[in-house]
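Residues per chain are reported as follows:
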Amino acid sequence: METGQRDDQRTATQRRRTELLEAAERVVLRDGPEASMNAIAAEAGITKPILYRHFGDKSGLYRALAKRHTDALLATLRTALDSPGDRRDRVEATLHAYLSAIETRPQVYRFLMHPAETPSDEKGFDVGRHSVPLLRRMGEDLGEVIAERLDLGPDTREVARVWGHGIVGMMYAAGDWWLGERPLSRDLLVRHLADLLWGRLAETGDRAGSRGL
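Conventions we followed
Residues numbered from 1 in each chain as written. Predicted model: local features only at pLDDT ≥ 70, side-chain atom pairs only at ≥ 80, totals over all residues. Heavy atoms only, no water. 1 Å grid on protein atoms, 1.4 Å probe; cavity = no way out; pocket = protein on both sides within 12 Å on 5 of 7 lines; lining within 4 Å. Points joined across faces, edges and corners; volume = space filled by probe spheres on them. Helix = DSSP H or I, 4+ residues; strand = E, 2+ residues; numbered from the N terminus. Buried < 20%, exposed > 50% of the residue type's maximum accessible area, 1.4 Å probe, protein only. Polar contact = N/O pair within 3.5 Å; in protein donor to acceptor, adjacent residues only side chain to side chain. Core = buried A, V, L, I, M, F, W, Y, C linked by side-chain atoms within 4.5 Å. Domains from an automatic or database assignment. Contact = heavy atoms within 4.5 Å.

## Looking at empty space enclosed by the protein
Moving on, step 1. A full pass over the atoms with the stated rule returns 2 cavities of 30 Å³ or more.
Moving on, step 2. Within this model, the largest cavity holds a volume of roughly 140 Å³.
Moving on, step 3. Lining of the largest cavity is provided by L81, V91, T94, L95, L142, I146, I167, M171, L197, L201 and L213.
Moving on, step 4. Of all the secondary structure elements, the ones that give two or more residues to the lining of the largest cavity are helix 5 (87–104), helix 7 (128–149), helix 8 (156–181) and helix 9 (186–203).

## Section: the layout of surface pockets
Moving on, step 1. Of the volumes computed, that of the largest pocket is approximately 310 Å³.
Moving on, step 2. Residue lining of the largest pocket: 16 residues in total, with H69, L73, A101, I102 and L112 positioned closest to the centre.
Moving on, step 3. Counting only elements with at least two residues in the lining of the largest pocket, the list comes to helix 4 (58–81), helix 5, helix 6 (106–113) and helix 7.
Moving on, step 4. Take the lining of the largest pocket: its biggest share by element is 5 residues, from helix 4.

## Describing the side chain of R87
Moving on, step 1. By the secondary structure assignment, R87 is in helix 5.
Moving on, step 2. Classification of R87 by relative accessible area gives buried; the value is 11%.
Moving on, step 3. A distance of 2.5 Å separates a polar atom in the side chain of R87 from a polar atom in the side chain of D206.

## Details of the nonpolar core
Moving on, step 1. L51, L61, L95, Y98, L112, M138 and I146 are the most contacted members of the largest nonpolar core, which has 61 residues in total.
Moving on, step 2. For this core, the element with the highest residue contribution is helix 4, accounting for 10 residues.
Moving on, step 3. Two domains each provide a minimum of three residues to this core, namely domain 1 (8–56) and domain 2 (65–115 + 130–200).
Moving on, step 4. Those residues in contact with Y98, other than ones at most four positions away along the chain, are L73, L77, Y109, M138, M171 and Y172.

The following block contains the structure:
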């Protein structure tokens, strides 16, 4: 097969994969953690074996959806970290961005972070074992941003990773509780979380040459 034909084939495969992910997202928005491969195949107008051919199995499809949404969420958080204002404003903007993302699309959030109650071959995705790597990726990404922008002394990278994972864990736990119970407004939750974070953040200087945090 000539190079041009191979490139066209790869492009067509990638386009089809994107279309299938979009169909999967529509089912997830409707069904949340109970989304099934049968429902996704039906939404895409294909048979389940064709869906498996593109993603391997349910775990493969979950990983593809998780990467798609995590990429978008991380881009949103980075944009918030670059927003105008002082450091406290940016911290609150980042917390708002995360909470807004899970509030706006709660079914997607529940699909990504909560296992279905009755996972099986035909119903639900066993996502519990996948959510930890997703959170870990977010923690590592935030840790890199912190290390790039804050001067935390000789152990900057180590401390930044601890902070990154700690902040992501806090956002996840508090956001999960808040989304389920809605005991207070998002603005008030953000203020309380920012207060919790603010002690050492307020004292730490920016790294020389960085855009700061």
